[in-house]
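As a plain string of letters, each chain reads:
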Amino acid sequence: MLKTLLYINEDLASSIALRYTAYLNKFSPLSLYVTHVVEQTEKEQAGTGLVKRAWEDGIVSSGEQLVNRMLRTENIDCPLAGRPKVVMGKREDETIYELRSGGYDLYIEGYLNTADPDQFYAVVSSELYSKSPCPILMVKNLSISKKCALLCASSVDPAVLVEKSMKILGDSTFKFDIVYFKFKDAEQMQILGKGDGGSNLQELESLLDKAGKSVDNVSVLAGNPEQVGDFLKQYALAVSTLPSRKSMRMQVLANSLAPVLLVR
Amino acid sequence: MKILVTLDAKNYSKNILKDVARLAGNTLADVVFLGVQDDTASPRQSLVNTLLKYQKDIYSYFSPDDLPYAEFSSDRLEEKGKGDWTISAKGMKEFTLRIKSGSVAKQTIAVAEEMNCDLAVLGCGGKAGCEWDGEMNVPLRIAKDAPCSVLVIKQTKKTNQIVSILDHSVVSQDSLEMINQLVTLNEAGLKIVGVQKKKDGHKAEVEKRMVELLRYYNDLEINVWVKLLNSEEVKPYVTNISRESIVALWMGKESLIKLLFSQSMVDKLLETTQSSLLILR
């Protein structure tokens, strides 16, 4: 079972993330914990000593109510492995601390798909993503698909992609496709032959074979990030390595309608 | 549900009949076929024949056991008022043929108001625009001024995606059902795009609407994807996707989308769309 931490807020992104997590649990059983961080500005902090303690207890209690409300509303078919972890502080710091101290295999959070790749880049280049000890799944949408896409490109290290993604998905019942992205700004996306994928694609196939995983379909796509992002909607999730710069692949991930699993 | 279908003898009208039949069958709707002519003296026989032929075509899409409409007792339309003729048959649901004299857009809007219809449907032709009998502004005027939702079918081309654009304004049950019907008719996926102003307080409301829709369509086992856009990103986005998808715009009275999509913008959408445009009210 994958020890998983899911971040919950009271918003659409979390609503989708909760439901998707229950869906994921059907393919890869999860030992699920949920967390919420109550962020307070300095202005909002009150008193010292007992007064401060009572005030903090009140804030945390309202955070717990929020989490319980979301859990009740969504009523997902995936039992929690423990009580919700609600703390006060900075969301990024507290989440990194929990991921490190809890020894989680996977972190999940909701992310609403927008048309702005800069917003996506700001998230994936944040401390949480660069310091997370485990892969992060950004849930952008729900899915009814039973297939995962391994998103490869010239900037992807196939060894990292296979090793890290198979730790999460290797025992799952998902089927796997490879989607190889090549940038081409044209009105229509083109599907190229497998030979156009180059050495990275060959290495990826060979590593997956060594890992005992068969690939159902390989698509080499030449298109812009919007087109390829839209293509990915047929998958339950798209796996790729964490982009370290504003690249076209980063933009594909930003435009992906499917949830994105980032490994590094 | 009440559906008003405005028709003439052109191919763009004939081509929408299959979709109208499926829509009527799926929603068990009362249906009015409206034909509009210039002269007020009597209903033009060619128009009567066209509408009667369309009625037969629609009926033929149903098996005899499933047909919710009755046959007319005669082929004669009765005068309802000056320049206004009608014939109806009531089975489980009512089917009406109506001919009015005047302008197409004006009479469609007037009948839609009078019958309190839920959806007005019409076809349009033209590669470079969306024309009705050589006029470019008929579908636009109906889409813009009708009191109910309007579906303009430009081409009965199969599309695999319905893109539904909404803001914080209230979404009616009928609108949800119409989207559902479009998804079913086209066996398409549904993309829900929420629109918000960058600096207004409606973000939570837009998200609330999207959660409601997500739950509704998930319960119907419809594949839904969500996306959130800022208001300034909407026009280019919609113009782009309208080439390949059916666009549904929620344009309620206080809708941000209504403000964003001026007459010229709806006109542009009608021009660029390769399938259909649905205006939801």
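As a further point, take the environment of L253(A). Residue and element names in this part refer to chain A. For L253, the position within the fold is in helix α9 (residues 248-255). For L253, a relative accessible area of 0% translates into the label buried. Every residue in contact with L253, bar those within four places of it in the chain, is listed here: F120, K140, L151, S240, T241, P243, V260 and L262.

This paragraph deals with the domain arrangement of chain A. Residue and element names in this part refer to chain A. Annotation of chain A at the domain level lists domain 1 (1-110) and domain 2 (143-264). Centre-to-centre, using C-alpha coordinates, domain 1 lies 30 Å away from domain 2. Every contact between the two is made by 9 residues of domain 1 and, on the other side, 14 residues of domain 2. Between domain 1 and domain 2 the total buried area reaches about 870 Å² when both faces are included, carbon and sulfur atoms providing 67% of it. Considering only the side of domain 1, the residues that lose the most area to domain 2 are Y20, Y23 and F27, jointly responsible for 64% of the buried surface there. Inspection of the region where domain 1 meets domain 2 yields 0 salt bridges. Our enumeration of links across domain 1 and domain 2 arrives at 4 residue pairs in polar contact (both at pLDDT 80 or more). Considering each element in turn, the side of domain 1 that touches domain 2 owes the most residues, 5 residues, to helix α1 (residues 12-27).

What follows covers the state of the cysteines. Enumeration over the complete set of coordinates arrives at 1 disulfide over all chains. Each sulfur of the disulfide joining C124(B) and C130(B) lies 1.9 Å from the other. In this structure the cystine formed by C124(B) and C130(B) twists about its S-S bond by roughly -105°; its chirality is therefore left-handed. With relative accessibility at 4%, the residue C130(B) sits in the buried group. C134(A) provides the cysteine sulfur closest to C78(A), a residue in no disulfide bond, and the two sulfurs are 16 Å apart. The structure places no disulfide on C152(A), whose sulfur is separated from the nearest cysteine sulfur, that of C148(A), by 15 Å. Among the residues examined, C152(A) registers a relative accessible area of 0% and is labelled buried.

Taken residue by residue, the interface counts 21 residues in chain A and 17 residues in chain B. Both sides of the chain A and chain B interface together cover about 1700 Å² of buried area, and 54% of this is carbon and sulfur. Applying the counting criterion to the chain A and chain B interface returns 2 salt bridges. The partner of E74(A) in a salt bridge is R215(B), with the nearest N and O atoms 2.6 Å apart.

Here the focus is the domain arrangement of chain B. All names here are of chain B. Per the domain assignment, the segments making up chain B are domain 1 (2-153) and domain 2 (161-280). Across the domain 1/domain 2 interface, buried area totals approximately 1700 Å², and carbon plus sulfur atoms make up 61% of it. On inspection of domain 1 and its partner domain 2, the count reaches 0 salt bridges. Viewed at the interface, domain 2 and domain 1 are joined by 4 residue pairs in polar contact (both at pLDDT 80 or more). Within the residue set of the side of domain 1 that touches domain 2, elements represented by two or more residues are α2 (17-27), α5 (137-145) and β7 (149-153). Split into classes, the residues belonging to the side of domain 1 that touches domain 2 amount to 11 nonpolar, 4 polar and 5 charged.

The rules behind these values
- Residues numbered from 1 in each chain as written.
- Chains lettered and ligands numbered in written order.
- Predicted model: local features only at pLDDT ≥ 70, side-chain atom pairs only at ≥ 80, totals over all residues.
- Heavy atoms only, no water.
- Helix = DSSP H or I, 4+ residues; strand = E, 2+ residues; numbered from the N terminus.
- Buried < 20%, exposed > 50% of the residue type's maximum accessible area, 1.4 Å probe, protein only.
- Contact = heavy atoms within 4.5 Å.
- Domains from an automatic or database assignment.
- Buried area = accessible area lost by both parts, 1.4 Å probe.
- Salt bridge = Lys/Arg side-chain N within 4 Å of Asp/Glu carboxyl O.
- Polar contact = N/O pair within 3.5 Å; in protein donor to acceptor, adjacent residues only side chain to side chain.
- Disulfide = S-S within 2.5 Å.
- Nonpolar A, V, L, I, M, F, W, Y, C, P; charged D, E, K, R; others polar.

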